[in-house]
Amino acid sequence: MGDRVYRWLLGLYPAEFRRRYGHDMVEMFRDARGDCPPGTWSSVKRWTKTCRDLLVSAAVMRFGGERARSRRPGSVSAARILSSTTRSTIMESLVSDVRYAFRTLWKSKGFATVALVTIALGIGANSAIFSVVNAVLLRPLPYPAPDRLVTLWTQFPAGGDPIFAVSPAEYLDYRAESRAFAEMGAFSVGTSTVTGEGAAARIEVAATSASLFQVLGFRAHVGRLYTAEDDRPGNNQVAVLSHGFWLRRYGGTGDALGQSLVINGVAYEIIGVMAEGVKLPGATADVWVPFGYDRAQITDRSGHFLEVVGRLAPNATYGSAVAELEAILARWPDVYAGQHTPNPETHPMTLIALNDHLLGGIRPAMLVLAGAVGAVLLLACANVANLLLARGEGRSREIGLRAALGAGRGRISRQLLTESVVIAVAGGGLGLVLGKLGIDMLVRLEPGEIPRLGQVGLDASVVAFTVALSVATGVVFGLLPSLKASRTDLTTILTSGGRSGGQGHDTRRTLSGLVVAQVALAVVLLIGSGLLLKSFAVLQRVDPGFTPDNRLAFDVGLAAADYPDMEAIMGFYGAVTEGVGALPGVTDVAVVRNLPLHLYSRQEGVQIEGKVNSENEGSYPIQYQGVSPEYFSVMGVPLLRGRVFDRTDRRGGPVVAVINETMARTYWPDEDPLGWRMDPGFARDIDWITVVGVVGDVRQTDLAATVKPEMYVSLEQVPGGFGWIRSASVIVRTDLDADALSSSIRAVVAGVDEDVPVANLQSLKAVVAETLNEERFVMLLLAIFAGGALLIAAVGVYGVISFSVARRTQEIGIRMALGAPQRRVLGEIVSSGTRLAAAGAAIGVTLAFLSSRVLESQLYGVSVRDMFVFTTGAGMLLLVSLVASLVPAYRASRVDPNASLRTE
């Protein structure tokens, strides 16, 4: 009954209008009526309002003349014409718009799927990267008032170190004299052996001052933390367990309190367990023990191994603390004359905010990734905007009909914008799922020493960010298409039979502009990833100075109580190397104090007989290693001059050294260093060390670091006390892998001493690979983003050319009917796509050139303006764009003139 009455009322419209739009209006009427159950008051209101609006609209169409028919959709009269949804309240209108958007998108499943997946990929990538940036950079440090925490460091400019640890005397003196800090604390973390109940294990032990707990706001979960009274000589045999170690070793029971924990042969009483989540700045500890320092008993101001953290006093600022430090340092050379004393020239001290110290190194990489993933989202937005613009051309009949029936420009824009937001929100939901998968992938990539990576996850802030980003994305990519589509000219629609008519050229221009922007962004990402890829390739080719193939290494640590002297220590190493060397498949074995590329090598200063270093108070900065005589041959370090160590270089005999090539070139640029003597001022037990050999440079910290002057000494002759070599790495030359030898090596070590655990058994190739984890992580992610950008840009070029071909089907058919060759048609269409890509590539190269400095800190051995990378990035995009243009161009060249003319 309702349909028949509605069809009868349609007779009031002009015949031409009924012929073109009558069927669509009946369908819209059915959809509107279907929202309300028949016989209800809502159904009656909807029916009455629809009929009223139809009568008004018909009157305007029949009696309003040309002026009324061409009335701007945004006028007051047009706003009162037919609308298929109620405007009684904003909420009802919004719900109706959303419902209609879902119906419309359901009818265009192909478009909706492509748009949804495109946005989901962009938002998912942004959610994953934001979760990392949020956890690493944005989330406050887990300490009370973290912005008031400042770290103290020393520096040795002559040695090339940006910052260096503080000595106990320097820390205690500065803590006593400073008034800018409410409290200061210090800590040092090292690997130790724990024995007693259960199997022996290597754990991380933090020796700290009791004041550190107050500075960082640490609290106990069970028992208590040690106090200043415990932090005294003779009272410091107490220990506090970390929450994780307590659970692993003691099952999380209170029975652990009062038990004895043997660390490196020394018994400590367990007095407490740290609260869950407590962590030192930039370090992880299983057990905390007090220093037990007495300033009166410390006579040596050298020995830099403490990390110092202070909390600013309420009335102090960072600036006032720096000024106070400068005043203190100005006094110390007079107070401690003749001693190893900080001074502004050769041994300055500096303050760094804790947040900057922990995150300053990783911040540039995180910002690069955030910028790259933001560019990917912009590309996705531009691509979906292209789809919506092209779809808007196909919906001109529908939009014209709605305008003719009274929908104003604002109403049409709102509906189309609602569709865009619906797509974006749905894409955001799917993006959250993809983001979770992306987060898991990021963690599995082993990105190196990224702070707080374990806290990355989909928390409330990430969800809120994704929701806000989804809505904003919907507005961004939907605003332009909705505004353009709402400018439908009713007269043009009626006279063109629903085709877009004069809008085609304007739409093509807008589509082309978006594609140029996509190409430009894609070129920027391609060039950035190309620079990182080339830098990574250069790093991989860096010679570490040793041969990592067919080498394994593992760490051991000896307790002072069990190995009190050099004879006992060397006896252990001799037994282990002999036993491991006898294993099948093992060629040779050596011992080194610090494994290369393990980010630590002890640095001190020496005086060279007959030379004076005016820049460093006569001292020449060096880093030094203790090695067994077999080390150089096992590691493949080449001997350049002289000799390496042999079994005659024992304790009690003349102390000799082998230096690296950098030290020889730096300190003896025009002389032969062999035979020169050095005085290790840091070791009172040795007067002179004689240089007997020169070997090739070995990278001790990482592959990108500058090689420093280095001195090797025999393990039995190490200066500064034999206690330093109680911890060492054993290197095994073998054709077998770590898994095949693991059980045999552990059995050999246990046979020598069952209380010495084997730790970090791995190949040297793995050691080298670990040093590149962070670079590999950033490079790989940026390459993935660049690949996605390349694909999106190619799809954009393809879409614009396809749209242009579809719009010009009749024109192409006429030209081919008049004799235009296929080759010419193909060339013209391909050239139009290539021109777009070329314009975007030119803009992208310019943007990359201007912004490339952002990557400078991430590159090694590559210029930020590398022309090969710039040319390759732009050329790759042009090539892909050419291929993307060929498919629609070929299709256009195969147009049948007769068929194209019949379509009109």
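Above this note sits the structure.
Just so you know, these numbers come straight off a predicted model, no measurement behind them. (Residues numbered from 1 in each chain as written. Predicted model: local features only at pLDDT ≥ 70, side-chain atom pairs only at ≥ 80, totals over all residues. Heavy atoms only, no water.)

Some remarks on helix H7 (residues 168-177)
Inference 1: For H7, the buried fraction is high: seven of the 10 residues fall into the buried class.
Inference 2: Residues Pro168, Ala169, Glu170, Tyr171, Leu172, Asp173 and Tyr174 constitute the buried set of H7.
Inference 3: Where H7 is buried, its residues touch strand S1 (149-156), strand S3 (181-195), helix H8 (211-216), strand S10 (307-312), helix H10 (318-335) and strand S11 (349-353). (Buried < 20%, exposed > 50% of the residue type's maximum accessible area, 1.4 Å probe, protein only. Helix = DSSP H or I, 4+ residues; strand = E, 2+ residues; numbered from the N terminus. Contact = heavy atoms within 4.5 Å.)

With respect to the packing of helix H18 (residues 566-581) against helix H21 (residues 738-752)
Inference 1: With their axes 9 Å apart at the nearest point, H18 and H21 run at an angle of 145° to one another. Regarding H18 and H21, the two cross each other, and that crossing is right-handed. Between H18 and H21, the contacting residues are Phe572, Ala575, Val576, Gly579 and Val580 on the first element and Ile745, Val748, Val749 and Val752 on the second.
Inference 2: Looking at the contact of H18 with H21 residue by residue, the classes come out as eight nonpolar, one polar and no charged. (Axes fitted to C-alpha atoms, helices over the stretch in contact; angles between N-to-C directions. Left-handed = near helix turned anticlockwise from the far one by under 90°. Nonpolar A, V, L, I, M, F, W, Y, C, P; charged D, E, K, R; others polar.)

A closer look at the nonpolar core
Inference 1: Grouped together as the largest cluster of nonpolar side chains are 140 residues, with contacts concentrated most on Leu280 and Trp288.
Inference 2: In terms of residue count, the dominant contributor to this core is helix H12 (residues 363-394) (17 residues).
Inference 3: With residues up to four places along the chain from it excluded, the contact list for Leu280 reads Tyr143, Phe187, Val189, Ala206, Leu212, Leu216, Phe218, Ala285 and Trp288.
Inference 4: In this structure, Tyr563, Ile686, Met711 and Val758 belong to the second largest nonpolar core, which totals 52 residues. (Core = buried A, V, L, I, M, F, W, Y, C linked by side-chain atoms within 4.5 Å.)

Thoughts on helix H9 (residues 243-250)
Inference 1: Of all the residues in H9, the buried ones are His243, Phe245, Trp246 and Tyr250. Along the axis of H9, the buried residues cluster in a sector spanning 165°; they form a single face.
Inference 2: One or two steps after H9, the chain reaches Gly251, where phi turns positive at roughly 70°. (Arc of directions from axis to C-beta.)

Digging into the environment of Gly626
Inference 1: Checked against the element boundaries, Gly626 lands in strand S15 (residues 620-627).
Inference 2: On the basis of relative accessibility, which here comes to 0%, the residue Gly626 falls in the buried class.
Inference 3: Sequence-distant contacts of Gly626, that is, excluding residues within four places in its chain, are made with Val591, Val592, Arg593, Val713, Leu715, Val718 and Trp724.

Considerations on the packing of aromatic side chains
Inference 1: Enumeration according to the criterion identifies 17 aromatic pairs in this entry.
Inference 2: With a centroid separation of 6.3 Å and an interplanar angle of 70°, the aromatic rings of Tyr174 and Phe181 are classed as edge-to-face. Of the two residues, Tyr174 and Phe181, both sit in the buried class.
Inference 3: Between Tyr631 and Tyr712, the aromatic rings sit 6.2 Å apart at their centres with planes inclined by 40°, giving tilted as the arrangement. Remark: Tyr712 occurs in strand S20 (residues 710-714) and Tyr631 occurs in helix H19 (residues 631-635); sequence separation between them is 81 residues. Across the pair, exposure class does not vary: Tyr631 and Tyr712 are buried alike.
Inference 4: Its end group placed over the ring of Trp676, Lys611 keeps NZ or CZ at 5.1 Å from the ring centre.
Inference 5: Against the face of Trp688 rests Arg677, its NZ or CZ located 4.4 Å from the ring centre. (Phe/Tyr/Trp six-rings, centres within 6.5 Å; stacked < 30°, edge-to-face > 60°. Lys NZ or Arg CZ within 6 Å of the ring centre and 35° of its normal.)

It is worth stressing that arrangement in space is one thing and function is another; only the former is reported here.
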